[in-house]
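Chain by chain, the residues run as shown.
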Amino acid sequence: MLKALFTPQKINNCVIPNRLVVTAMVTNFCNEDGTLTDRFIKYHEEKAKGGWGLIITEDYAVNPNAKGYQFIAGLYNDEQIEGNRRLTNTIHKYDSKIFCQIYHPGRQTSHFVNGGVQPVAPSAIPCPWCRDLPRELTVDEIHEIVGQFGDTALRAKKAGFDGVEVHAAHGYLLAEFLSPYANKRTDEYGGCFENRIRILKEVIADIRSKVGNDFPVIVRISGEERVEGGRTMAETLVLAREIESMSFDGIHVSSGVYGNYNKGIVSTMYQEHAWTTDFAAEVKRVVSIPVITVNRINEPKMADTTISMGKADFVGMGRGSLADPYLPMKAKMGDFESIRYCIGCLQGCVMQLLKGRSITCLVNPEIGHEYETDYTKVEEPKNVMVIGAGPGGLEAAMIAAKRGHRVTVYEQRNDIGGQFKSAAYPPCKGELSNFVSWIRNELKKLNVEIKLNTTVTEELIKEVNPDAIVLATGGVPVKPNIKGIDKDHVVFAEDVLLGKVPTKDLIVVCGGGEVGGETAAALALEEKKVSIVEMLPEILKELDPVQTIELTNILNKYGVKQYTNTKVVEITDNGVVCESKGNRFTLPADTIVLAFGYKPNKTLEDKARAYCREVYTIGGAVKTSNALDAIQDGFQVGLKL
Ligand SMILES: Cc1cc2nc3c(=O)[nH]c(=O)nc-3n(C[C@H](O)[C@H](O)[C@H](O)COP(=O)(O)O)c2cc1C
Ligand code: SF4
C-alpha cells in the first residue's frame, strides 16, 4: 500500500525516508529578534514524530530587515545558530530530515514588521497587498544580499540542517528579479531572461562557495505567477533547465505571488486539488533533479498516485501537516479514517497571519500549543455532560475523554456537527464534512456516548448529576420582528441547506452574510432565480477577502442579484418589501430565506449553574462566533476539565 510514497529518495547525498514533505509555513512563533522558541521547536517535533520525510522550515530572514512577518526566524547572525542546533537535534531524534528555507521578502513586506525600514525591490513598484513603496536596490546592495544568502546557508549547515531551500517563489525578492512582472530594471539584473536570472545564479554560486557541493540546496519557484504580465510555464521550463545547470539539487514547484487572489499561493476550498501538479510534471520532463509538487494535496493516496505516475518525486503538504502532523504515520498504517484532513478554509492559518497573529488550525487547535498541551490522564475522572454536538462541544468531549473523563454528549437534533454540518452544503464546501466524520470516529474510539434527539432539561441535569457541564448550545437563528415573517413561505437558511424544507423558483435571501451568501449560491446552482437583500453597504462582510472573491464570483456567474444598503420592511404573500435610501420597492418571491445571523443560545445557563458547580459555556453559546473560536474554546475547556 502506498509503496511509491514510502520509498526513500535522495536529494544530493541526503536520503529522505519518504516522499512526504512539510512545506515552508510562517508560524509567527519566534522571537522578534529571529531566535527560536520552545513553541517553534515543539511544533516541528510533532511533525517529525508523525513521520514526515522532509520538514522545510518557515522562511528564515537573511538579514534583520528581511522579514515579511514580525515573529519569523532568522539566521543572520552567529548567535542564532545555537537555538537552531536545538531544533535540528530534536528533529534528528526521529527519522525525518529538516531543511531551512532562506529568503528575502523584497517588496512583499511592510515597515511595520521588517524593523521599520523601507522595503527594497528590483524596481520601485509597490506590492498590491503590502502597499509600502519599495526602494530600488543598487548593484552594491544586490551583491550584499547575495552574500547574505550564502552566509545564511552556511549558518544553517553549522546549525545541523540537512539542507536549505532558497525561496525564489511567491513574489519575494528573488522571484521579483526573475519576473518582468516586478523587475523593470535596465541594468545587468533586468531586461532579458539572462539578466533577470543573474541574481539567482550569483546566490547559488555564493552558497556553494560557502557550503560546498555535498550540502543539499534546493530552490522554490512559482510555476505560474497568475498575474497580468507574470511568468508562465513557457519561461518556467527554461528557468528549470537553468536551475539544474546552476547546481541546485532540486526544484520545488509552487505557484502565485502576493496580489493574485484566484489560484494563488495558498488555495482555498474553492480551488481544485493538486491544480499545480501538472506544472511540476512538466518541469520534471526537462530536468533530472528531484521535483517537489504542492497545493491542495491532502490525501496520501492522491500523493502516492502523483509519485507513481512520475509527475513529481515528492509531494508537499503545508496545511495537511497542520491539520494532522501524524498524517504519514497513519497513512503508512492504512488508517486513513483517522487522518484529520485540512478543509482549505484558511481561517486558522493564513487569516491569522494576515491579522499579525501566530498560526493555528481550525480543525486542529493544538497547533501552536504543542509545548503546553498535556494529555496526561486525570487522577479523578469526572462525569462530564457536554450539551450540544456542534464543533466546539465535540472538541471539548474529545479532549476531555482523551484525558480520562467519562463524557456524554447530548444533542437535540438527530445528528452531530451543528452548523458545521449545514456549512458543508453550499458549493465547494463539501470538505467540511471531513471534520465531522473524523471527530465522530475519534469519539467512538474514545467510547464517548452521543445521545441524539435529546433535549436537555432541568430534570435531566438533576438526574445525570454531572461533575461538570460544557454548555456548547451554539446560537439560534435571529428572527427579527418584521411584518409577515411567520408566513408559510418564509424559511431559515440552515433548513434550506439541509434539505429540510423545499424552496420554489423565485427566492429572496434576507441577509447577505456568509450563510446568506452561501445559501444564495447553493440555490442559484439549482437554477433558481435568487436575490440577496443586505442592510450593510456590502455583502459577505465577515468573510475573509479570498473567500469573498471566490463566493462573489459564483454569485455573479449564476446571476444572483445583490441589493445592499437595503432593509427588509415587510414580507407579503408575493414577495419582500424593501427600503433603500428612502425608496420602497417590492422584490417578488415565492420563497423567502432568512439569514439574519445567530444569537447566543443561553437558555440552559442558569439551570446548569443551579445544579452543577463546574460549568463552562463555549463558542456560539457565549457570543456570536465562528467554528474557529468554538473549536478553540472546546479544546481549552477539554484541557481544563
Ligand atoms: C500559514 C502559511 C504560511 C506559509 N508560509 C510560507 C513560507 O514561509 N514560505 C513558503 O515558501 N510558502 C509558505 N506558504 C505556502 C505553503 O508552503 C504551501 O505552498 C501552500 O500552503 C500550498 O500548499 P498546501 O495546500 O499543501 O498547504 C505558507 C502557507 C501557509 C498556509
Ligand atoms: S486552518 Fe483550515 S486551511 Fe488552514 S490548515 Fe487548518 S483546515 Fe487547513
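Residues numbered from 1 in each chain as written. Chains lettered and ligands numbered in written order. Predicted model: local features only at pLDDT ≥ 70, side-chain atom pairs only at ≥ 80, totals over all residues.

Overview of the sheet that holds strand β12 (residues 314-316)
Line of reasoning, step 1. Pairing is parallel around the closed barrel formed by eight strands, whose spatial order is β3-β4-β5-β8-β9-β10-β11-β12. This sheet shows a mean twist of 30 degrees between the axes of neighbouring strands, independent of strand direction.
Line of reasoning, step 2. Here two bridges tie strand β3 (residues 20-22) to strand β4 (residues 54-61), and the two strands are oriented parallel to one another. By the bridge assignment, V22 is partnered in β4 with I55. (Pairing = 2+ DSSP bridges. Helix = DSSP H or I, 4+ residues; strand = E, 2+ residues; numbered from the N terminus. Axes fitted to C-alpha atoms, helices over the stretch in contact; angles between N-to-C directions.)

Let's talk about the site of ligand 1
Line of reasoning, step 1. As a matter of local geometry, ligand 1 sits amid 26 residues, with T23, A24, M25, G318 and R319 nearest to it.
Line of reasoning, step 2. Put simply, the parts of the chain that give the shell around ligand 1 at least two residues each are β4, α10 (319-323) and α12 (350-354).
Line of reasoning, step 3. Taken together, the residues of the shell around ligand 1 sort by class into 12 nonpolar, nine polar and five charged. (Near = placed C-beta within 6 Å. Nonpolar A, V, L, I, M, F, W, Y, C, P; charged D, E, K, R; others polar.)

Structural notes on the nonpolar core
Line of reasoning, step 1. Grouped together as the largest cluster of nonpolar side chains are 159 residues, with contacts concentrated most on L174, A397, V470 and L471.
Line of reasoning, step 2. Summarising the domain contributions, this core has at least three residues from each of domain 1 (9-371) and domain 2 (377-477 + 601-640).
Line of reasoning, step 3. Beyond its immediate chain neighbours, meaning those up to four positions away, A397 contacts V386, V407, V409, L443 and V448.
Line of reasoning, step 4. A524, L555, C578 and A595 belong to the second-largest nonpolar core, a separate cluster that totals 36 residues. (Core = buried A, V, L, I, M, F, W, Y, C linked by C-beta atoms within 7 Å. Buried ≥ 20, exposed ≤ 12 C-beta atoms within 10 Å, placed from the backbone. Domains from an automatic or database assignment. Contact = placed C-beta atoms within 7 Å.)

Description of the sheet that holds strand β18 (residues 490-492)
Line of reasoning, step 1. Within the open sheet, the five strands sit side by side as β18-β25-β19-β20-β21. Their pairing is parallel. Looking at which strands have only one partner, the edges of the open sheet turn out to be β18 and β21 (561-563). Looking at each pair of strands side by side, their axes are set apart by 25 degrees on average, direction ignored.
Line of reasoning, step 2. With three bridges joining them, β18 and strand β25 (residues 591-594) adopt parallel strand pairing. Looking at β25, one finds that F492 is bridged to L594.
Line of reasoning, step 3. Sitting on the sheet, helix α18 (residues 514-525) is in contact with β19 (506-510), β20 (529-533) and β25, with an inclination near 170 degrees to β20.

Quick look at the pairing of strand β24 (residues 583-588)
Line of reasoning, step 1. Of the strand pairs in this sheet, strand β23 (residues 575-580) and β24 are connected by six bridges, and their pairing is antiparallel. Residue pairing in the sheet places G575 in a bridge with P588 of β24.
Line of reasoning, step 2. Between β23 and the antiparallel strand that follows it, β24, lie two residues; K581 among them carries a positive phi value of about 50 degrees.

Digging into the domain arrangement of the chain
Line of reasoning, step 1. In terms of domain boundaries, the chain breaks down into domain 1 (9-371), domain 2 (377-477 + 601-640) and domain 3 (490-596).
Line of reasoning, step 2. Look at where the C-alpha atoms of domain 1 and domain 3 centre, and you get two points 41 Å apart.
Line of reasoning, step 3. With six residues of domain 1 in contact, the opposing surface of domain 3 contributes five residues.
Line of reasoning, step 4. When grouped by side-chain class, the residues that make up the side of domain 1 that touches domain 3 number four nonpolar, two polar and no charged.

What about the environment of M385?
Line of reasoning, step 1. When you line up the elements, M385 lands in strand β13 (residues 383-387).
Line of reasoning, step 2. Among the residues examined, M385 registers 25 C-beta atoms within 10 Å and is labelled buried.
Line of reasoning, step 3. Contact partners of M385, with chain neighbours within four places excluded, come to T408, Y410, V464, P466 and I469.

A closer look at the site of ligand 2
Line of reasoning, step 1. Contacts to ligand 2 come from 14 residues, most closely from R319, C342, G348, C349 and C361.
Line of reasoning, step 2. Its residues assigned to classes, the shell around ligand 2 comprises 10 nonpolar, three polar and one charged.

Some remarks on unusual backbone geometry
Excluding glycine, most residues fall at negative phi; most peptide bonds, likewise, are trans.
Line of reasoning, step 1. Backbone geometry at R226 places phi at a positive 60 degrees, although glycine is not the residue there.
Line of reasoning, step 2. As for its position among the elements, R226 is in the loop between β9 (217-222) and α7 (233-245).
Line of reasoning, step 3. Of the residues examined, R226 has 19 C-beta atoms within 10 Å and is grouped as partly exposed.
Line of reasoning, step 4. The backbone of A274 sits at a positive phi, close to 55 degrees, despite the residue not being glycine.
Line of reasoning, step 5. Structurally, A274 is set in the loop between β10 (250-254) and α8 (277-286).

Here we look at the packing of helix α1 (residues 38-49) against helix α2 (residues 81-91)
Line of reasoning, step 1. Between α1 and α2, the least distance of the axes is 9 Å, while the angle of their chain directions is 20 degrees. The orientation of α1 with respect to α2, classified from their angle, is roughly parallel. Between α1 and α2 lies a crossing of right-handed hand. Contacts between α1 and α2 pair I41, H44, E45 and A48 from the former with R86, L87, T90 and I91 from the latter.
Line of reasoning, step 2. Considering only residue class, the contact of α1 with α2 consists of four nonpolar, two polar and two charged. (Parallel < 35°, antiparallel > 145°, perpendicular 65-115°, else oblique. Left-handed = near helix turned anticlockwise from the far one by under 90°.)

A word on the environment of K607
Line of reasoning, step 1. Within the secondary structure, K607 is located in helix α20 (residues 605-611).
Line of reasoning, step 2. Each C-alpha atom, one on K607 and one on N89, is 53 Å from the other, the two residues being 518 residues apart in sequence.
Line of reasoning, step 3. Filtering out sequence-adjacent residues up to four positions away, K607 remains in contact with E458 and I461.

What about helix α3 (residues 139-158)?
Along an α-helix, residues three or four positions apart point the same way, because every turn accommodates 3.6 residues.
Line of reasoning, step 1. Taking 1.5 Å of rise per residue, the 20 residues of α3 would be expected to cover 28 Å, and the 29 Å separating its terminal C-alpha atoms lies within 8% of that figure.
Line of reasoning, step 2. Positive phi shows up at G160, right after α3, with a value of about 95 degrees. (Expected span 1.5 Å × (residues − 1).)

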